[in-house]
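Chains, contacts and geometry: an overview
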Amino acid sequence: MGVLSALPFVSAGNVCCCLWVVSGGVVAAYVLQQNQAMPITPGDGALAGLLAGLVGAVVQAVLSVPITLLVGPMERQLVQRILDMAGNIPPDVRDALERYGREGGNGAMLVLGRIVAFGFWLCVGAIVSTLGGLLGAAIFRRPPPPPGTIDVTTPSS
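Figured I'd write up the structure that's included with this text.

Overview of the overall build of the protein
Secondary structure assignment for the protein yields five helices and zero strands. Looking at the protein as a whole, 27% of its 157 residues qualify as buried. Considering only contacts within the protein whose residues lie at least 6 apart along the sequence, 75% involve residues at least 24 apart. Within the structure as shown, the protein displays about 10000 Å² of accessible surface, and the carbon and sulfur contribution to it stands at 71%.

This is the structure:
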């Protein structure tokens, strides 16, 4: 979740109903179920999704800084090429793109933007990935063991 959300272009998958965030919760519930002999509960899936969302927010924050520093100059060149090639861009859009091209390297804005983005991802990741964990618990839930088999949840004396 965090890696896919930090990558340019790939992160656009989150535009589609927070795809990578929900997927992080679903995968966390799947992994939890694979490590349990008994079926997981919806609460287990929700907790796994919540933890996946919080960890994903941290991973996204850590990875997005170097990626932004590496890709930022290329993005500014791309914006400049778009401005040079397109003649009929509305004035407001042109002003915003020109401002981005000039102010792209401002360090203080980068830090402030990353702090705000981290808070956003913490909130969104916690909520949406929890829903993904619930979904994953419902999809990957194992059937309960047949009656008369050994219950592995209670230790024998």
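More follows now that the structure is in view.
Comments concerning helix α2 (residues 19-34)
End to end, α2 covers 22 Å across 16 residues, agreeing with the expected 22 Å (1.5 Å per residue, within 8%). For α2, every residue scored as buried is listed here: Val21, Gly24, Gly25, Val26, Ala28, Ala29 and Gln33.

Description of helix α3 (residues 42-85)
Taking 1.5 Å of rise per residue, the 44 residues of α3 would be expected to cover 64 Å, yet its terminal C-alpha atoms sit only 53 Å apart, more than 12% below that figure. For α3, the principal kink sits at valine 71 and spans about 40°; a proline, proline 73, occurs within the next four residues.

Focus: a nonpolar patch on the surface
A contiguous nonpolar patch, built from Val3, Leu4, Leu7, Val10, Val55 and Val59 and spanning about 400 Å² of accessible area, is present on the exposed surface. If you list the elements that add at least two residues to the nonpolar patch, you get α1 (2-6) and α3. Locating valine 3 in the fold gives a position in helix α1. The partly exposed category is assigned to valine 3, whose relative accessible area is 43%.

A word on the side chain of serine 5
Here serine 5 shows up in helix α1. Separated by 2.8 Å, the side chain of serine 5 and the backbone oxygen of methionine 1 make a polar contact. Apart from the residues lying within four places of it in its own chain, the contact partners of serine 5 are Ser11, Asn14, Trp20, Gln60 and Trp121.

Remarks on the nonpolar core
Of all hydrophobic cores here, the largest spans seven residues; its members are Met1, Val21, Ala57, Ala117, Trp121, Val124 and Val128. The element best represented in this core is helix α5 (residues 107-140), accounting for four residues.

Thoughts on the packing of α2 against α3
Helices that pack against each other are described as a pair by the angle of their axes relative to one another and the distance between those axes. In contact at an axis separation of 8 Å, α2 and α3 are set at 125° when each is read in the N-to-C sense. In terms of orientation, α2 and α3 fall into the oblique class. Between α2 and α3 the crossing geometry is right-handed. Of the residues in α3, those in contact with Gly24, Gly25, Ala28, Ala29 and Leu32 of α2 are Asp44, Gly45, Ala48, Gly49 and Ala52. Split into classes, the residues belonging to the contact of α2 with α3 amount to five nonpolar, four polar and one charged.

What counts and what doesn't
- Residues numbered from 1 in each chain as written.
- Predicted model: local features only at pLDDT ≥ 70, side-chain atom pairs only at ≥ 80, totals over all residues.
- Heavy atoms only, no water.
- Helix = DSSP H or I, 4+ residues; strand = E, 2+ residues; numbered from the N terminus.
- Buried < 20%, exposed > 50% of the residue type's maximum accessible area, 1.4 Å probe, protein only.
- Contact = heavy atoms within 4.5 Å.
- Areas by Shrake-Rupley, 256 points an atom, 1.4 Å probe, with all protein chains shown as cover.
- Expected span 1.5 Å × (residues − 1).
- Bend = angle between axes of the 7 residues up to and from the residue.
- Patch = residues over 30% accessible without salt bridge, like charges linked within 9 Å, V, L, I, M, F, W, Y side chains within 5 Å.
- Salt bridge = Lys/Arg side-chain N within 4 Å of Asp/Glu carboxyl O.
- Polar contact = N/O pair within 3.5 Å; in protein donor to acceptor, adjacent residues only side chain to side chain.
- Core = buried A, V, L, I, M, F, W, Y, C linked by side-chain atoms within 4.5 Å.
- Axes fitted to C-alpha atoms, helices over the stretch in contact; angles between N-to-C directions.
- Parallel < 35°, antiparallel > 145°, perpendicular 65-115°, else oblique.
- Left-handed = near helix turned anticlockwise from the far one by under 90°.
- Nonpolar A, V, L, I, M, F, W, Y, C, P; charged D, E, K, R; others polar.

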